[in-house]
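# Summary of the model geometry
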Amino acid sequence: WEGYFYAVLLLVVALLQSLVLQQFVRRCFVLGMKVRAALMAAVYKKALVMSNDNRKESTVGETVNLMSADAQRFNDVTNFIHLLWSCPLQIIVSVVFLWLELGPSTLAGVAVMLLMVPVNGLLANQAKKIQRENMKSKDKRLKIMNEILNGIKTLKLFAWEPSFQTQVEDIRGEELKVMRKFAYLTSFSTFISNCAPTLVSLATFAVFVGVSSDNILTAEKAFTSISLFNILRQPLSMLPTLIASIVQTAVSKKRLERFLGGDDLESDIVRHDSSFGKLTISTVFFTLLLPLFPSVSLDIKPGGLVAVVGAVGSGKSSLLSALLGEMHRTKGFINIQGSLAFVPQQAWIQNATLRDNILFGSPYEEQRFEDILEACALGPDLKLLSAGDLTEIGEKGINLSGGQKQRVSLARAAYSQADIFLLDDPLSAVDSHVGKHLFDKVIGPNGLLKDKTRILVTHGVSFLPWVDEVVVLVNGRVSEVGSYQSLRASKGAFSEFLDTYGTEQKDFISDSEDDQSDVSLADDVSLMLRRENSVRRSQRGNRSRFDPTVQKLRKAHFPGVCFLFDMQVKFSVWLQYVQAMGWGYAFWALFIYVMQNVAFIGQNLWLSDWTNDAVEYYNQTYSPKKRDTRVGVFGALGMAQGLFVFLGTLLLTNAAVNASRLLHSRLLNNVLRVPMVFFDTTPLGRILNRFAKDIFTIDEIIPHLFSSWIIHLLGIVGTIVFLCLSTPLFIIVIIPLAVIYFFVQRFYIPTSRQLRRLESVARSPIYSHFGETMSGLSVIRAYNHQERFMKHNEVTIDENLKTIYSRIIVCLLNRWLAVRLQFLGNLVVFFAAVFAVISRNSIDSSLVGLSISYALNVTLTLSFVVNITSQLETNIVAVERVSEYAELENEAPWVTQDRPSEKWPEAGRLQFVDYKVRYRPELDLVLKGISCDISGTEKIGIVGRTGAGKSSLTNCLFRIIEAADGRILIDDVDISKIGLHDLRNRLTIIPQDPVLFSGMLRMNLDPFDKFSDEELWRVLELSHLKDYVAGLKEELQHEVAEGGENLSVGQRQLLCLARALLRKSRILILDEATAAVDLETDDLIQTMIRKEFSHCTVLTIAHRLHSIMDSSRVMVLDAGKIVEFDSPSNLMEKRGHFYSMAKDAGITHESETSL
């Protein structure tokens, strides 16, 4: 009965251990979760108050990385942190027990263990270095990817994808080199940790039998000590992991400290002192990248309308930034009384409903809301959006046109009821008559804001007569201040400026004094907007074809739930991964691991045989020769295991690096070849997530899981085979146990995987909200809405935590699962013990010891295997997601067999033949049968109300959208027959929004290094940037910040012009390139285009009609058809569409002829 008693006791103790352990792990996890949430909230909070200098140091990508990777590290380390004291405790307890068994010879084993510690320390240090390098290249790669995705349209138009692809591939190459190093390091440390137990037991036993011939290794001694050594093994192997984890957390801690410890905005730049006037700027010195505002002094009366004018780069936007307290001050102060509202130059739109964008956190008052919509000319837009003001606006306002975004931004300011309005050129993005409408109804002396203080930065000379005061900036100094009349009279810089540029707009002023034009104007506006939207809607129709309730529901749940119902990871995904690794690698790695297992079993059998010597040689002398053989073979088998593991890990990690390389390059290659429509309809965060999180999983998580999965699985199989050999009765139990085990596994894994997916879906909103906040920082700060955004961020984090929590309870360290599995494992031990008692007469004592110590091992390994299997399954989803994007449908090939001649297009002749186009198959036509013939070197102006199809026309020339019907011929070559790059390389466009990439100025002009420095300087001179660039310290090597942040919008526009000049193509398309530029620069650009591109065919899409009055012909588009196409003078005589547009813009017949 004694035997049975011990067997039952074993079971009870094991069960207790399981339950206590699970409780402990759960608590650790919840703590980790809280730490992560707190850190994410802290990073977000800091981002809201960060000073601008500080913002320049870390890009959006890096900050998102702090939230994702670094916060996660802290989460992980909390799970391990208790091991710091429990590892040493376990070690001490086991050593004490060993001493009782084997006496002083235990010390030999302990000595070996201690020797391992510094070795592990060295390895951990190396790992830390490598990890740092790895993070660096990751940040760099994500930064470039972020820019590529943001500027993908520019890349496509200029056919620059190959250049950026090689840039990313180069960084990725560096990254993989580092990963390889890391892989070798890991295999080496695995080797050491695997040899450790063997060396330990070898040393102990060798010393034990060697010290005196009386010491004979009996079965109880050997197996008890082996079980104890196995207990020792875990804390020892955990220590290096723990150290590494703490090291990584330390790196993350440094990064977080640097970010959280950076300078905040100086809160005292802007005072709120009531003893001064409404808005005072005493002599203030501000420094931005260049020392702007050597000195500015202004005093602005309450309720005034002040216009700020000046050339590009004279510091108009910076003046507003200073008022918002965003600049770095060297001396002086600003005093502002009352609240601010700010309309930035490039409208910032949130991913929310249109109404939320305008309310911006204020309560909804229907009447006021309607009035503002009316004044901002948004009424007609709403009629056309499917859900009215509840229509969901995509990221960055993707389903609104530029003009609409600007009007929404203005409406937001108007609704906010602030006291002071800072308007940074809000009228540049809209057509001239919409501009007039906005000025009259909102900004001007009779507008909604007439009693408020307004500071308007503008390039439109026509509004100046109606402002109370004009501030003229020259190179960051206030050169003159005064009313329009007094400045004209003083004949200073301002009046010269007006004489040059004001002539063409004189009639505009007299015209507006007629009342009659205002009536027609309102109708025009609404008519035009209606059209603009019908087109917008048809372009992006299925963005918001939900009724508002469905949308609310959709928003409340997670975007992207569609992925959630495919339960099982397809077998093909595994195959894909193994294939990417290479079959040869995989096969050899497996073979070597099997060999390692054979060595492991062999070693234990040898040991049990050795213990039998105790019975044989009872009271006899033990021959030294025999002793040496025993010790030698035991050691050799142990070392062989270590060696096999080393080789296997080496092969596997190498294979994994291969797989990473392949999967990433496929993904990148394909994403750059996907048609533009995809980028318009997919949130960038989702695409970026593929390059960040999923590639990270494939690089670092999967390989690690994969190798430990193989090792442990084979370990279990080996154990069970061995148990069945030693106690044949065991077969009876193993079958039902296996069945139960199988069911637990099948039930558990899908649940865990779905939770994992839900969690990653709930993660995206955190990052996209964060990215949005970063890009709209100045707006959020101006309105003082930091609190509200922090609240929103907390809500998104909470949503995410719900999913994580359920995942922890059910899976990650799998509380539910672990309890059940450990119970199974405990049963295995119990039965092994019971059977040993039953067959105590027929079986060798040494084998019994062996089988029980083996069975004890199974418990741990079992739950480990299921754990790893489930983690592998959840993580292998990354391969699925990456390959999903690697198999998206591509646009037409970049180069086809049918290549045009080197010199094509020589004449630059364009023919549209009944050309029709739609944005997506299920939508209406945007261009409805365009036919025209444009001969070489003609200068064509394209006009039309917003949304008449002007931009679609250029998109078609570049085949951003493919024809639905008809064709375009350039010099008699059908453009749909040749490769996209052949086409796009021969055309040039100066796009509407100037997109720059971070990197050198040189790279922004000439990413393929085709041109010499002389040529670059020549185009910079022509585009009036030569002085600016020559004044920079690094000249052409000057670093452009992310998105060109360190250049003014006008300078970016000029750079885009320089790009176009470099390409010297026969056909040039100007997409309203002068919106962000003041009149002087505009004039320079126009003159230069006339001179430099005189031999080219130039198509200009114009919102300002002056720029096209000297074209050879003007094409008037309306709702996707050509309504008029003739020379400007003939069109003016016809008094049709063109005439009415010209009249709105204040161009009359007389002024046109004088030009």
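Residues numbered from 1 in each chain as written. Predicted model: local features only at pLDDT ≥ 70, side-chain atom pairs only at ≥ 80, totals over all residues. Heavy atoms only, no water.

Another point: the overall build of the protein chain. The helix and strand tally for the protein chain stands at 39 helices and 23 strands. Split into buried and exposed, the 1155 residues of the protein chain put 56% on the buried side. Taking contacts inside the protein chain between residues at least 6 apart in sequence as the whole, the part at least 24 apart equals 82%. Per element, the accessible surface of the protein chain, about 47600 Å² overall, is 60% carbon and sulfur. (Helix = DSSP H or I, 4+ residues; strand = E, 2+ residues; numbered from the N terminus. Buried < 20%, exposed > 50% of the residue type's maximum accessible area, 1.4 Å probe, protein only. Contact = heavy atoms within 4.5 Å. Areas by Shrake-Rupley, 256 points an atom, 1.4 Å probe, with all protein chains shown as cover.)

When you line up the elements, A762 lands in helix α25 (residues 730–775). The class for A762 is buried, based on a relative accessible area of 2%. Sequence-wise, A762 and N800 are 38 residues apart; in three dimensions their C-alpha atoms are separated by 5.0 Å.

Ranked by internal contacts, the top residues of the largest apolar core, which has 99 residues, are L422, I443 and F494. With residues near it in sequence (within four places) discarded, L422 still touches L320, L323, L324, L340, A341, F342, V343 and I455. (Core = buried A, V, L, I, M, F, W, Y, C linked by side-chain atoms within 4.5 Å.)

With that settled, the discussion passes to unusual backbone geometry. Phi angles above zero are rare outside glycine, and D914 is one such case at about 40°. With respect to the helices and strands, the residue D914 is situated in strand β12 (residues 910–918). Overall, D914 belongs to the partly exposed group, its relative accessible area being 35%. Notably, T937 is not glycine yet its phi reads approximately 60°, a positive angle. Residue placement: T937 occurs in the loop between β13 (925–934) and β14 (939–943). By relative accessible area, which is 38% here, T937 ends up partly exposed.

Moving on: the side chain of R412. Structurally, R412 is set in helix α13 (residues 402–415). The charged side chain of R412 is buried without a salt bridge, its nearest counter-charge being E772 at 8.9 Å. For R412, the side chain forms a polar contact with the main-chain oxygen of W348, separated by 2.9 Å. (Lys, Arg positive; Asp, Glu negative; His and termini not counted. Salt bridge = Lys/Arg side-chain N within 4 Å of Asp/Glu carboxyl O. Polar contact = N/O pair within 3.5 Å; in protein donor to acceptor, adjacent residues only side chain to side chain.)

Taken in spatial order, the four strands of this open sheet run β13-β12-β15-β16, and their pairing is antiparallel. Looking at strand neighbours, the two that pair on one side only are β13 and β16 (973–974), the edges of this open sheet. (Pairing = 2+ DSSP bridges.)

As paired strands, β12 and β13 are joined by seven bridges and run antiparallel to one another. When the bridges of β13 are listed, F912 appears paired with C932. Note: β12 against strand β15 (residues 963–970), six bridges, orientation antiparallel. By the bridge assignment for β15, V917 is matched with A963.

In this structure's numbering, the residues bearing the UniProt feature "transmembrane region" (unreviewed entry) are residues 6–25, 80–100, 106–125, 182–211, 583–602, 631–652, 701–723 and 817–839. Secondary structure across residues 182–211 divides into 100% helix and 0% strand, with the first and last C-alpha atoms of the span separated by 42 Å. Between the first and last C-alpha atoms of residues 631–652 the distance is 32 Å; the span itself is 100% helix and 0% strand. (UniProt positions renumbered as here; feature names shortened; annotations may be inferred.)

Here we come to a nonpolar patch on the surface. Residues W85, L89, I92, V93, V96, F97, W99, L100 and L107 make up a contiguous nonpolar surface patch of roughly 950 Å² in combined accessible area. Ranked by residue count, the leading element in the nonpolar patch is helix α4 (residues 83–102), at eight residues. (Patch = residues over 30% accessible without salt bridge, like charges linked within 9 Å, V, L, I, M, F, W, Y side chains within 5 Å.)

A separate point is a negative patch on the surface. There is a patch of like negative charges on the surface, built from E366, E370, D371 and E374. Note on placement: D371 falls in helix α11 (residues 366–375). (Charge placed at Lys NZ, Arg CZ, Asp CG, Glu CD.)

A separate point is the pairing of strand β20 (residues 1067–1071). Within β20, five of the five residues are buried, leaving the element largely enclosed by the surrounding structure. Side chains I1067, I1069 and D1071 project from β20 onto one buried face, and the interleaved L1068 and L1070 project onto a second face that is buried too. Relative to β20, strand β17 (residues 987–990) runs parallel, the two being bridged by four bridges. By the bridge assignment for β20, I989 is matched with I1069. Bridge count for β20 against strand β21 (residues 1097–1101) is five bridges, and the pairing is parallel.

Read from one edge of the open sheet, six strands run β7-β8-β9-β4-β10-β11, paired in mixed fashion. Only two strands of the sheet have a single partner each, and these edge strands are β7 (340–343) and β11 (477–482). Pairs of neighbouring strands in the sheet enclose a mean axial angle of 15°, with direction left out of account. Two elements, β7 and strand β8 (residues 420–424), share four bridges in a ladder whose sense is parallel. Within β8, the position partnered with F342 by the bridge is L422. (Axes fitted to C-alpha atoms, helices over the stretch in contact; angles between N-to-C directions.)

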